[in-house]
Amino acid sequence: LAACYRAVRRDPPAALDAMLAMLVPPLLSLTHGDGGLGSWQGGAAVPAERLVALVEASGVRARPLREVRGWGYQRIFARPAVLQFDASPPPLARHARHGCASTLAFEFSHGENRLIVNCGGAALAGGQVPVRIETGLRATAAHSTMVLGDANSTAVLINGKLGGGVNEVEIDRRMIQLEKGSATRLEGSHDGYAPRFGLLHRRILILRDDGSELRGEDLLVPSGRGKRGKVPFAIRFHLGPRVELRLAENARTAGLLLPDGSYWQFVSGSEPIEVDESLWVDGVGRPHPVQQLVI
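Reading guide: rules and limits
Residues numbered from 1 in each chain as written. Predicted model: local features only at pLDDT ≥ 70, side-chain atom pairs only at ≥ 80, totals over all residues. Heavy atoms only, no water. Helix = DSSP H or I, 4+ residues; strand = E, 2+ residues; numbered from the N terminus. Contact = heavy atoms within 4.5 Å. Buried < 20%, exposed > 50% of the residue type's maximum accessible area, 1.4 Å probe, protein only. Pairing = 2+ DSSP bridges. Phe/Tyr/Trp six-rings, centres within 6.5 Å; stacked < 30°, edge-to-face > 60°.

Visitor: Looking at this structure, how should I read the environment of threonine 184?
Guide: Topologically, threonine 184 is positioned in strand 7 (residues 182-190). In this structure, the C-alpha to C-alpha distance between threonine 184 and arginine 173, residues eleven residues apart in sequence, is 7.2 Å. Setting aside its immediate chain neighbours within four residues, threonine 184 contacts Ile76, Arg173, Arg174, Met175, Leu205, Ile206, Leu207 and Asp209.

Structure, rendered in structure tokens:
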């Protein structure tokens, strides 16, 4: 719109420049080490060159937004690692055409390689992504987080709408000292499963400042309401494209080999790890077969 004003040699309204200045920093906060976007709210991994062109056209020069009130994502940059964390309720239907039940999901990259991702791509359904799986791509299970009772943390409805679910999210971010070095600690909780199961989901993520280790813990805390009884759970970690997976014989450790030769170990504290199929949608709407680790 601003370019249209400039094309007819008129100055854009001040509100346009102000809005661009507000939009670019949070957009940059969702970039990974490869410069492309994360897969959030139906979007896909928009490649770096397209994002760079967009920011250059805006005329705004800014750094990625780390955290701010009203912005739903937390970002930790621990060179060469990047952690993105969804720390808010899903957007209202009038704000997002393809809102997703992704609260407390995260993505994690190391250098130019994406290690843990979300499936993404619901907004691109109808091309190479079949329309029939659009609703599934918006579901909690399509994101790297915990699923209770095979249900979405926020109800996913047709026509891009969302129903009841997560109303309140609490988030705490702080620096902590470890035996060797320091780390950033994120703790979030949501009430999406409280009405149905009487449980709050709390997730803790700790990323070392050198980017060499990411620790996580998922807890279920009684909320005092909901039905009683056992509730099945699944904690899903969708792996990025080109990640080579090797599951150990004890099924509690998995080796993750990245294309650049980096080697990561995924370790479960108690429960065995299962391997399942998944898919990841790239920035131009092409689905790629990937794997997921499930606890």
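Visitor: Would you mind going over the pairing of strand 2 (residues 81-86) with me for this structure?
Guide: Here is the key point about a regular strand: its side chains alternate between the two faces of the sheet. Extensive coverage of strand 2 is indicated by the burial of six of its six residues. Going residue by residue along strand 2, you find Ala81, Leu83 and Phe85 tucked away on one face and Val82, Gln84 and Asp86 tucked away on the opposite face as well. Of the pairings in the sheet, the one linking strand 1 (residues 73-78) to strand 2 comprises six bridges and is antiparallel in character. Residue tyrosine 73 lies in a different strand from strand 2, and its bridge partner there is aspartate 86.

Visitor: What am I meant to see in the packing of aromatic side chains here?
Guide: In this description, an aromatic ring pair is defined by two values, namely the gap between the centres and the angle between the planes. For the structure shown, the criterion picks out five aromatic pairs. Judged by centre distance (4.9 Å) and plane angle (65 degrees), the ring pair of phenylalanine 237 and phenylalanine 266 falls under edge-to-face. Taken together, the residues span a long stretch of sequence, with phenylalanine 237 in strand 10 (residues 233-239) and phenylalanine 266 in strand 13 (residues 263-267) at a distance of 29 residues. The same class applies to phenylalanine 237 as to phenylalanine 266, namely buried.

Visitor: In this structure, what is going on with the pairing of strand 11 (residues 244-247)? I would like to understand it.
Guide: Taken together, the four bridges between strand 11 and strand 12 (residues 253-257) define a ladder with antiparallel strand orientation. Bridge pairing in strand 12 places arginine 246 opposite glycine 255. Here strand 11 folds back onto strand 12 in antiparallel fashion, the turn holding five residues, of which alanine 251 has a positive phi close to 60 degrees.

Scope: geometric values only; no functional claims are made or implied.
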